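Breakdown of the fold
Single-letter residue listing:
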Amino acid sequence: MAIRVVRAAAGAVRRACGPCSPSLGPRLLRLPPMAGNVEAPAPVGARPERDPKARGGARIWEETEQQAKKLRSASDAEQHRKLPKRKIVLLMGYSGKGYHGMQRNVGSSQFKTIEDDLVSALVRSGCIPENHGEDMRKMSFQRCARTDKGVSAAGQVVSLKVWLIDDILEKINGHLPPHIRILDTTATQTRPRTRWLPRGTGLKRVTGGFNSKNKCDARTYLYMLPTFAFAHKDHDVQDESYRLSADTLRRVNALLACYKGTHNFHNFTSQKGPREASARRYILDMFCEEPFVREGMEFAVIKVKGQSFMTHQIRKMVGLVVAVIKGYAPESLLERSWGEAKVDVPKAPGLGLVLERVHFDKYNQRFGNDGLHEPLDWTQEEAGVAAFKEQHIYPTIISTERQERSMARWLGTLPVHDFDATAHAAAGLGAKAPSPLGDSD
């Protein structure tokens, strides 16, 4: 009797609670929920709620990860804070072909400039933070001269504040294309290397308030051109076979010497009026060197040194002398061009123009021998500058002239200019002088 009672009770339990699991033993699979202990099952299709403890764990993980990132960033910043941040100047050389000038156009990726590549190299080398590359004022960046489209440089100087990291020149140059260089003469330097100043003189320490543009006393440019530009239009050959005679070279230099001194150059730019004081510029020297032959074509180099130059001024100075030598314009036009009347002055192509050197004479007198700073005279860089011109600048000018014939095409526009009338009179007669070919800077 007792056994039957037990079996009946067990059957009732099985019917109420469900079958047994062989591995886990008896389980109450369909046990009704008890108040305060188990939540009722959610309706079909409803989104299950996350466990508050799980949400808290995810939040803790995110905060931990953010703290780790902050620590890593702080560690990097601390590492850079240990490096000295100093005002320096860099001596640069570059071939300007394919670039829309030196100065960076912030927010515009359509026109590539030399400074775009330079700033990218400074950031990637680790000597300036990324936000300084986005806002160049934060590193007090200034260029000595703003070269125009297609214009090259063998002695551009920029001033800026950087972290003086180890091997800074090698790292910057490692991120620059070969036609843009910080001119490093480490191999020929004899001065001792200090902890924070590399031996290569392409980098020099300057005073904290130094500004390469404002402290520059003078700039020297060269203009390289094929000598057939000086061939007389009536009785000389007008092709590559032309060779510049000694008499013609003397006449060229006599005309170039007329530019020396202070004159009103308002006719040599499009930005100044005849009575603006800033149109008066001081030229220290201008002359043409002996010609030389490259790849069967004879070239000459005109050098001009002045305190400062306006847009297109040098190209128009060269263009007017070429027009006189070729017989299109009278010599008296030079003196007339410095008067108030508007004169039609032709503008030579930009291809041959090169910024060769910048001068800091007053700065050197005050700080060059103070024991803390070096004079910015760049005499020890002459070999590096000459090598860069021979390797990157002159070959580009020669090959481009052969391919595009920019000088020959521009010479073909000289007969159109009216050198006897003002630009206003020429326009009134319907003979407005066209802009020379290949001129946009």
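Please read all numbers here as calculations on a predicted model, not as lab measurements. (Residues numbered from 1 in each chain as written. Predicted model: local features only at pLDDT ≥ 70, side-chain atom pairs only at ≥ 80, totals over all residues. Heavy atoms only, no water.)

1. As for the nonpolar core
Selection criterion: Among the buried residues, those of types Ala, Val, Leu, Ile, Met, Phe, Trp, Tyr and Cys that are joined through side-chain atoms within 4.5 Å form a nonpolar core. Only protein chains enter the area calculation, which uses a 1.4 Å probe; residues under 20% of their type maximum are buried, those over 50% are exposed, and those in between are partly exposed. What counts as a helix is a DSSP run of H or I of at least four residues, what counts as a strand is a run of E of at least two, and both are numbered from the N terminus. Here, two residues are considered to be in contact whenever any of their heavy atoms come within 4.5 Å of each other.
Judged by nonpolar contacts, the single largest core of 106 residues is most densely connected at Met 92, Leu 160, Ile 168, Tyr 259, Ile 302, Val 322 and Phe 360. Here this core takes 9 residues from helix 7 (residues 313-325), the largest share from any one element. Setting aside residues no more than four positions away along its own chain, Val 322 makes contact with Leu 225, Ala 229, Phe 230, Trp 410, Leu 411 and Leu 414.

2. Topic: the confidence of the model for the protein chain
Counted only if it meets this: The predictor reports its confidence for every residue as pLDDT, a score running from 0 up to 100.
Chain-level statistics for the protein chain give a pLDDT mean of 81 and a share of 72% at 70 or above. Taken together, the stretch residues 423-427 has pLDDT below 50 and engages in 6 contacts with residues farther than four places along the chain or on a different chain. Overall, residues 429-441 carries pLDDT values under 50, and its contacts beyond four positions in sequence, including any with other chains, amount to 24 contacts.

3. Digging into the pairing of strand 5 (residues 152-163)
This is how the line gets drawn: DSSP calls a pair of strands paired once it identifies at least 2 bridges connecting them.
Burial analysis of strand 5 places 11 of its 12 residues in the buried class, which makes it a mostly covered element. Bridge count for strand 3 (residues 85-94) against strand 5 is 9 bridges, and the pairing is antiparallel. By the bridge assignment for strand 5, Tyr 94 is matched with Ala 153. Bridge count between strand 4 (residues 142-143) and strand 5: 2 bridges; the pairing is antiparallel. Its bridge partner lying in strand 5, Arg 143 is registered against Val 158. Bridging between strand 5 and strand 13 (residues 353-359) involves 2 bridges; their strand directions are parallel. Across the sheet, Ser 152 pairs through a bridge with Val 354, a residue of strand 13.

4. Digging into the pattern of salt bridges
Cut-off, in case you're wondering: Between Lys or Arg on one side and Asp or Glu on the other, a salt bridge is scored when a side-chain nitrogen of the former is within 4 Å of a carboxyl oxygen of the latter.
Taken as a whole and assessed by the stated rule, the structure comprises 16 salt bridges. Notably, a salt bridge pairs Arg 402 with Glu 240, separated by 3.3 Å at the nearest N-O pair. In this pair, Arg 402 is assigned in helix 10 (residues 382-404) and Glu 240 in the loop between strand 8 (218-226) and helix 6 (246-257), connecting sequence segments 162 residues apart. Overall, the relative accessible area of 34% leaves Glu 240 in the partly exposed class. Glu 289 is the partner of Lys 303 in a salt bridge, and the nearest nitrogen-oxygen pair spans 3.3 Å. Of this pair, Lys 303 sits in strand 12 (residues 297-306) while Glu 289 sits in the loop between strand 10 (280-288) and strand 11 (292-294), and the two are 14 residues apart along the sequence. By relative accessible area, which is 18% here, Lys 303 ends up buried.

5. Focus: the layout of surface pockets
Worth spelling out the cut-off: Note on definitions: the grid is 1 Å and covers protein atoms alone; a cavity is a set of points where a 1.4 Å probe fits but cannot get out; a pocket is an open set with protein on both sides within 12 Å along at least five of seven lines; lining residues have an atom within 4 Å of a point. Grid points are joined across faces, edges and corners, and a volume is the space filled by probe spheres set on the points. All amino acids are sorted into three groups, where Ala, Val, Leu, Ile, Met, Phe, Trp, Tyr, Cys and Pro are nonpolar, Asp, Glu, Lys and Arg are charged, and the leftover types, Gly among them, are polar.
Taken as a whole, the largest pocket spans an internal volume of roughly 530 Å³. As for the largest pocket, its lining consists of 25 residues, of which Arg 146, Tyr 221, Phe 309, Met 310 and Thr 311 are closest to the centre. Taken together, the elements giving at least two residues each to the lining of the largest pocket come down to strand 4, strand 8 and helix 7. When residues in the lining of the largest pocket are grouped by element, the largest group, 3 residues, is from helix 7. For the lining of the largest pocket, the per-class residue count stands at 8 nonpolar, 8 polar and 9 charged.

6. Some points on empty space enclosed by the protein
A complete count under the given rule lists 3 cavities of 30 Å³ or more for this structure. Looking at the largest cavity, its volume works out to about 60 Å³. Contributing to the lining of the largest cavity are Tyr 223, Met 224, Leu 225, Pro 226, Phe 299, Pro 349, Leu 351, Gly 352, Ile 397, Glu 401, Ser 406 and Met 407. For the lining of the largest cavity, the element with the highest residue contribution is strand 8, accounting for 4 residues.

7. What to know about the packing of helix 6 against helix 7
Here is the rule: For helices, the axis comes from a line fit to the C-alpha atoms of the stretch in contact; other axes are also lines fit to C-alpha atoms, and the angle between any two N-to-C directions lies between 0 and 180 degrees. Our angle categories are set so that under 35 degrees counts as roughly parallel, over 145 as roughly antiparallel, 65 to 115 as roughly perpendicular, and the remainder as oblique. Left-handed describes a crossing whose near helix is turned anticlockwise from the far helix through less than a right angle; right-handed describes the clockwise counterpart.
Viewed as axis vectors pointing N to C, helix 6 and helix 7 meet at an angle of 135°, and their least axial separation amounts to 10 Å. When the axis of helix 6 is compared with that of helix 7, the two are oblique. Read as a crossing pair, helix 6 and helix 7 show a hand that is right-handed. Along the contact surface, helix 6 presents Thr 248, Arg 251, Val 252, Leu 255 and Leu 256, while helix 7 presents Val 321, Val 324 and Ile 325. Taken together, the residues of the contact of helix 6 with helix 7 break down into 6 nonpolar, 1 polar and 1 charged.

8. Details of unusual backbone geometry
For Ser 140, which is not glycine, the phi torsion reads 55° and is therefore positive. Tracing the sequence through the fold places Ser 140 in the loop between helix 4 (130-134) and strand 4. Overall, Ser 140 belongs to the partly exposed group, its relative accessible area being 31%. A positive phi angle, near 50°, is found at Arg 405, a position not held by glycine.

9. Considering the pairing of strand 8
Within strand 8, 9 of the 9 residues are buried, which leaves the element mostly enclosed by the surrounding structure. Sheet analysis places strand 8 next to strand 13, joined by 6 bridges and oriented antiparallel. Its bridge partner being in strand 13, Leu 222 is matched across the sheet by Val 354. Strand direction decides the pairing type here: strand 8 and strand 12, joined by 8 bridges, are antiparallel.

10. Concerning the side chain of Gln 313
For clarity, the threshold we go by: Think of a polar contact as two N or O atoms within 3.5 Å of one another; within protein, one of them needs to be a possible hydrogen donor and the other a possible acceptor, and neighboring residues in sequence only count if both atoms come from side chains.
With respect to the helices and strands, the residue Gln 313 is situated in helix 7. Take Gln 313: its relative accessible area is 0%, and that puts it in the buried class. Among the polar contacts listed, one links the side chain of Gln 313 to the backbone nitrogen of Met 310, at a separation of 2.9 Å.

11. Some remarks on the packing of aromatic side chains
Our working definition: A pair of aromatic rings is counted whenever rings of Phe, Tyr or Trp (Trp by its six-membered ring) have centres within 6.5 Å, and the orientation is called stacked for planes under 30 degrees apart, edge-to-face for over 60 and tilted otherwise. Placement of a positive charge over a ring is assigned whenever Lys NZ or Arg CZ falls within 6 Å of the ring centre and within 35 degrees of the normal to the ring plane.
Scanning the model with the defined rule gives 10 aromatic pairs in all. Between the aromatic rings of Phe 210 and Phe 360, the centroid separation amounts to 5.6 Å while the plane-to-plane angle is 50°, which identifies the pairing as tilted. Pair noted here: Phe 210 is in the loop between strand 7 (203-205) and strand 8 and Phe 360 is in the loop between strand 13 and helix 9 (361-367), with a separation of 150 residues, a long-range link. The buried category is assigned to Phe 210, whose relative accessible area is 2%. Among the aromatic side chains, those forming a connected cluster through ring pairs are Phe 210, Phe 360, Tyr 363 and Phe 367. The ring of Trp 163 has Lys 85 lying over it, and the distance from NZ or CZ to the ring centre is 5.7 Å.

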